[in-house]
Amino acid sequence: MNSYQHLLAGLAVAGSLLHAGESRLLNDGLLSGLRSEAARSHPAAVAGKYKAQAAAHEVRGVRLWNDPMIGVGFMGAKEMMRADDGDVMIGFEQALPKPGMFAAERAKMEAMHRAEIANSGNAALSAGAEAARAAIELALADESITLQQAQVDWMAAMVDNAKQMAADPMGSSTDALRMETELAKEQQMLDAARRSREGYARLLNITLGRPLDSPWPVLKLPASPPPVPVASAEVARIPHANPKVRSMKEMVSAANADARIADRERLPEVAVGVDTKLYSETGDIRSTTLGVKLSLPWFNDPAYKAKIDAAKSRELAAASDVETMRREIAGMVTMAATEAANAAAQARAYSGEIHDRALKASQTTEAAWISSKAPLTDLLDSARTLYAIRLEQRRMIAMQLAALEQLHTLVPNR
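The sections below set out a description of the structure shown in this document. (Residues numbered from 1 in each chain as written. Predicted model: local features only at pLDDT ≥ 70, side-chain atom pairs only at ≥ 80, totals over all residues. Heavy atoms only, no water.)

**With respect to the overall build of the protein**
When its secondary structure is counted, the protein shows twelve helices and six strands. Principal-axis analysis of the C-alpha atoms places the extent of the protein at approximately 145 × 45 × 30 Å. Within the protein, contacts between residues at least 6 apart in sequence are counted, and of these 81% link residues at least 24 apart. Surface accessibility of the protein: about 22300 Å² in total, with carbon and sulfur atoms responsible for 58%. The average position of the 48 basic charges and that of the 50 acidic charges among the side chains of the protein differ by 3 Å. (Helix = DSSP H or I, 4+ residues; strand = E, 2+ residues; numbered from the N terminus. Contact = heavy atoms within 4.5 Å. Areas by Shrake-Rupley, 256 points an atom, 1.4 Å probe, with all protein chains shown as cover. Lys, Arg positive; Asp, Glu negative; His and termini not counted. Charge placed at Lys NZ, Arg CZ, Asp CG, Glu CD.)

**Here's the deal with the packing of helix H10 (residues 301-350) against helix H12 (residues 376-410)**
With their axes 8 Å apart at the nearest point, H10 and H12 run at an angle of 155° to one another. On the basis of their axis angle, the class for H10 and H12 is roughly antiparallel. For the pair H10 and H12, the crossing hand works out as left-handed. Along its contact with H10, which presents Ile329, Met332, Val333, Ala336, Ala337, Glu339, Ala340, Ala343, Ala344, Gln346, Ala347 and Tyr350, the element H12 presents Ile389, Glu392, Gln393, Met396, Ile397, Met399, Gln400, Ala403, Leu404, Gln406, Leu407 and Leu410. For the contact of H10 with H12, the per-class residue count stands at 18 nonpolar, four polar and two charged. (Axes fitted to C-alpha atoms, helices over the stretch in contact; angles between N-to-C directions. Parallel < 35°, antiparallel > 145°, perpendicular 65-115°, else oblique. Left-handed = near helix turned anticlockwise from the far one by under 90°. Nonpolar A, V, L, I, M, F, W, Y, C, P; charged D, E, K, R; others polar.)

**Points about the pattern of salt bridges**
Following the criterion strictly, the structure yields 26 salt bridges and no others. For the salt bridge of Arg384 with Glu182, the shortest nitrogen-to-oxygen distance reads 2.5 Å. Here Glu182 lies in helix H6 (residues 174-208) and Arg384 lies in helix H12, a separation of 202 residues in the sequence. According to the relative accessible area criterion, Arg384 is partly exposed, its value standing at 31%. Across the salt bridge formed by Arg395 and Glu392, the nearest N and O atoms sit 2.5 Å from each other. Taken as a pair, Arg395 and Glu392 lie in helix H12 at a separation of three residues, close to a single helical turn. With relative accessibility at 35%, the residue Arg395 sits in the partly exposed group. Taking relative accessible area as the criterion, Glu392 reaches 19% and is therefore assigned buried. (Salt bridge = Lys/Arg side-chain N within 4 Å of Asp/Glu carboxyl O. Buried < 20%, exposed > 50% of the residue type's maximum accessible area, 1.4 Å probe, protein only.)

**Some points on the packing of helix H5 (residues 101-167) against helix H9 (residues 243-265)**
When two helices pack together, their arrangement is given by the angle between the helix axes and by the axis-to-axis distance. Interaxial distance between H5 and H9 falls to 8 Å at its minimum, and their mutual angle equals 165°. One finds that H5 runs roughly antiparallel with respect to H9. Crossing of H5 over H9 shows left-handed handedness. Residues belonging to the contact of H5 with H9 are distributed by class as follows: 13 nonpolar, four polar and ten charged.

**Comments concerning the environment of Tyr304**
The residue Tyr304 is located in helix H10 in this model. The sequence separation of Tyr304 and Ala403 amounts to 99 residues, and the corresponding C-alpha distance is 51 Å. Once residues lying within four places of it in the same chain are set aside, the contact partners of Tyr304 are Glu265, Arg266 and Pro297.

**A word on the sheet that holds strand S5 (residues 270-278)**
Taken in spatial order, the four strands of this open sheet run S2-S3-S5-S6, and their pairing is antiparallel. The open sheet has two edge strands with one neighbour each: strand S2 (69-74) and strand S6 (285-294). Between one strand axis and the next, the sheet turns by 15° as a mean value, whatever way the strands run. Of the strand pairs in this sheet, S2 and strand S3 (residues 88-95) are connected by six bridges, and their pairing is antiparallel. Bridging from a neighbouring strand, Val72 pairs with Ile90 of S3. (Pairing = 2+ DSSP bridges.)

**Let's talk about the nonpolar core**
The biggest cluster of nonpolar side chains holds 26 residues, and the ones touching the most others in it are Leu26, Leu204, Leu208, Trp216, Leu219 and Leu221. Those elements that place two or more of their residues in this core are helix H2 (28-41), H5, H6, H10 and H12. Residues contacting Leu219, with those up to four places away along its chain left out, are Arg24, Leu26, Leu30, Ala135, Leu138, Ala139 and Asp142. Core analysis: the next-biggest nonpolar cluster, separate from the first, contains 18 residues, Ile238, Val322, Met325 and Ala340 among them. (Core = buried A, V, L, I, M, F, W, Y, C linked by side-chain atoms within 4.5 Å.)

**Re the environment of Asp67**
When you line up the elements, Asp67 lands in the loop between helix H3 (43-60) and S2. Given a relative accessible area of 55%, Asp67 falls into the exposed group. Note: C-alpha distance between Asp67 and Gly331 (264 residues apart in sequence) is 51 Å.

**Overview of a nonpolar patch on the surface**
Together, Ile70, Val72, Phe74, Ile90, Phe92, Val274 and Leu290 line one region of the surface with nonpolar side chains, adding up to about 750 Å² of accessible area. When residues of the nonpolar patch are traced back to their parent elements, those giving at least two are S2 and S3. (Patch = residues over 30% accessible without salt bridge, like charges linked within 9 Å, V, L, I, M, F, W, Y side chains within 5 Å.)

**So, unusual backbone geometry**
Negative phi is the rule for most residues except glycine; trans is the rule for most peptide bonds. We note that Ser372 has phi near 60°; this positive angle belongs to a residue other than glycine. Structurally, the position occupied by Ser372 is in the loop between helix H11 (353-370) and H12. Given a relative accessible area of 60%, Ser372 falls into the exposed group.

Shown next, in the form of structure tokens:
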């Protein structure tokens, strides 16, 4: 087996050498499972669920009737007067609901409930995206280790070749010493990459709420870039797909209900009451009075109108805030889709003609060096170029997955 075949073999088996053959492809199924696990365990997502539950309780807490009032009074007078008029007075009063007030208050609470549900969904999406990005970083680290392990194996084969060439009476030991130095440097880089991989694994465990040292298999990125959604189609989905925009639209509904509440508050408040007088010695009822009370809101009419105007202005402001958020999200969606498309195009380029030419150049330079027709520097440069291209292709796949994850957070599929 020549040195180039050592490189191919290293690429094929490096992952199994590192993790005893255990590996998983970072596909949609695995990412979906990680998102779901993070959404169940992340404290931000859990808090969002409790806030939505609290808003649901507040909907049930809206009252149609105010609490009734009951009163008791006692008369201090001569016994004859107390016997004639009664010396104990019992009163009961109930305010009647203002027309449309209950419906408006309930509509506001229902809108707030829907807004909290959307906020809860956004918290779950953010937690899931955080876990998915951590998994992508871990997969890229594993891919880097695989390539670096193959590079170390290739360097070891080159060291053997250099030693054989140095054994020739006409040969020099310079290349062998240089290759041993390069091998030592590559080994140090590989060890550092493995330590970094442990850090990425711990980060993913923290995101998922797992024990810090929970093991992870080797994660592999897809061999080729997945399809990229059309930016214009994703932008069109924002109003009904993005949880932040949906939450803010519900706040517009709540502001509209506030305006109706302010309009209902200017209506007169009507209360009915019953007052009964009885004599404490015998318990006989002396008189019963049925009455109606009416508030006079017209004296404060300018204040009520001001509250109505303020509520309407807040409704208009909330509607403008929705459009502001929609445009902001649209910009983020456009940039994420563009980044995903660019990363996909570069990944295809680095795995196609660019890679093939670098591979041919590396093979040619290696053969020339073995036959003493090329210097060692050319061999090292061509090998590094090939390694860099392969690593860049893997990095572009990871960048595309991260951009697609951003798109999934902004316009999730329901």
